[in-house]
Protein chains: 2
Amino acid sequence: MNISDVERDALYKVIYARRDVRREFLDKPIADDVLARILSAGHHAPSVGFMQPWDFILVTEQATKQAIKQGFDLANAESAAQFSEDKRAAYQNIKLEGIVESPLGICVTCDRQRNGPVVIGRTIKPEMDLYSTVCAIQNMWLAARAENIGLGWVSIIHDQVLRDTLAIPDHIDIIGYLCLGYVSKFKSKPELEEFGWLPRENLERLIHKEKWSVKND
Amino acid sequence: MNISDVERDALYKVIYARRDVRREFLDKPIADDVLARILSAGHHAPSVGFMQPWDFILVTEQATKQAIKQGFDLANAESAAQFSEDKRAAYQNIKLEGIVESPLGICVTCDRQRNGPVVIGRTIKPEMDLYSTVCAIQNMWLAARAENIGLGWVSIIHDQVLRDTLAIPDHIDIIGYLCLGYVSKFKSKPELEEFGWLPRENLERLIHKEKWSVKND
């Protein structure tokens, strides 16, 4: 099947317009057919040995979101303490999640026992099943953006909070907790770039020819 | 920026048409501008704390590819021994890489020290930088497909072989070795599904409402 130049450019548009969204969520539900398309995009990610190790837990209840938000708050206070004093105030001013404001949370997990125990392609690099699940998340992230839905990945929370709150069995790995919803706008640049936390790296300096090369400033 | 329905459908077309490619590579080089678009798509993946921890090592030299292929062969023999006897013959018949036939290899790595040591969003879940790099690979995979270029992820190789062959420093993590090239065709289904190694999971059974639910057959 051939992809046309117009279709190719649409992919690039979505890739460049995708943001990690933590604010500007609207109180507008995501229709079932839209959500089904986003989940199906995740389910059609590549997976090692066609293992498809992912599961998706959909969260809409306020009490559940509040429990997860509380877990974030505790983990975020711990995190702030890790930053040097000169960066701490700036860190504490950044909004890093939209757990309660977003209409839908999705916890994406990895069942490392699925279709095992010996999985093609995981024999030498055991983390490949975790990486497959991340590919599913990236597909969902792009699909959400293509549906004009914002998605934010909340990583500042202990897995145990999600495990307890969502009754996730011990043998299931937690990869990410995602917040989804329509938004009033998408920023033109990543927020951390926009307000000067870090600049965009120069891609040319990240490309090496034939072997690793040390690049001096 | 709004994404139109036509653009959304183009994304889905690329997601569904993407394959893990190990054969059918053509002896046709990838033009510099096409490669630049694929790498830029990777570079515009989400990254934890805007860390952008990735590097891309481009491999075109035959001697290098041969060394990597040799590493694959050894790891693949090790891997075959892990399968039960009834599956081993089937496993050994599957072509799992196109290292030498594909015109371009790209080793994608993760520099966990970049923009650190304390990275926003990595404070509680340290593997987030590895996951960011996987998001870059998935962007590249989709970009390659949108350029009608096949991409295969070779995971059956010890990191040390890639490290030695490509002179990758010890502090850099190796995430994936990718083989890219134009192909005579893309399969309509994943190869492991097509020949009956494993079926496509039923997505409905992977979706849980509000909490994890045990689904019985």
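Up top you'll find the structure we're talking about.
In what follows, the accompanying structure is described. (Residues numbered from 1 in each chain as written. Chains lettered and ligands numbered in written order. Predicted model: local features only at pLDDT ≥ 70, side-chain atom pairs only at ≥ 80, totals over all residues. Heavy atoms only, no water.)

**Description of the overall build of chain A**
When you go through chain A residue by residue, the secondary structure sums to seven helices and five strands. Counting from the amino terminus, chain A carries its helices and strands in the arrangement α-α-β-α-α-β-α-β-α-β-α-β. Expected size for 217 residues packed as a compact globule is a radius of gyration near 17 Å; at 19 Å, chain A falls within 12% of this value. Reported as C-alpha extents along the three principal axes, the dimensions of chain A are approximately 50 × 45 × 35 Å. Burial status across chain A gives 61% buried among its 217 residues. When contacts within chain A are restricted to residue pairs at least 6 apart in sequence, long-range pairs at least 24 apart make up 81% of them. With 27 positive and 31 negative side-chain charges, chain A shows a spacing of 5 Å between the two charge centroids. (Helix = DSSP H or I, 4+ residues; strand = E, 2+ residues; numbered from the N terminus. Rg over C-alpha atoms; globule rule 2.2 N^0.38 Å. Buried < 20%, exposed > 50% of the residue type's maximum accessible area, 1.4 Å probe, protein only. Contact = heavy atoms within 4.5 Å. Lys, Arg positive; Asp, Glu negative; His and termini not counted. Charge placed at Lys NZ, Arg CZ, Asp CG, Glu CD.)

**Here we look at the side chain of Lys65 of chain B**
Residues and elements named next belong to chain B. Positionally, Lys65 belongs in helix α3 (residues 62-80). Comment: no salt bridge for buried Lys65; closest opposite-charge side chain is Asp27, at 7.9 Å. Residue contacts for Lys65: discarding those within four places in its chain leaves Val59, Thr60, Ile99, Val100, Ser102, Pro103 and Leu104. (Salt bridge = Lys/Arg side-chain N within 4 Å of Asp/Glu carboxyl O.)

**Quick look at the relation of the copies chain B and chain A**
With an axial shift of 0.0 Å and an RMSD of 0.0 Å, the rotation relating chain B to chain A amounts to 180°. This pairing of chains is accounted for by a two-fold axis. When each C-alpha of chain B is compared by its distance to the rotation axis, Leu11 of chain B comes out closest, at 2.6 Å. Of the residues that chain B buries at the interface, 100% are likewise interface residues in chain A, meaning the two copies contact each other through the same surface. (Least-squares fit on C-alpha atoms with pLDDT ≥ 70 in both.)

**Here we look at the pattern of salt bridges**
Opposite charge on two side chains allows them to pair when their charged atoms are near. All names here are of chain A. With the rule as written, the count across this model stands at 36 salt bridges over all chains. The residue Asp55 makes a salt bridge to Arg114 at a minimum N-O spacing of 2.4 Å. With Asp55 in strand β1 (residues 54-59) and Arg114 in the loop between β2 (104-111) and α5 (128-146), this residue pair connects regions lying 59 residues apart in the sequence. For Asp55, a relative accessible area of 2% translates into the label buried. Judged by its relative accessible area of 12%, Arg114 falls in the buried class. With a closest N to O distance of 3.0 Å, Asp73 and Lys69 form a salt bridge. With Asp73 and Lys69 both in helix α3 (residues 62-82), this residue pair falls four residues apart, about one helical turn.

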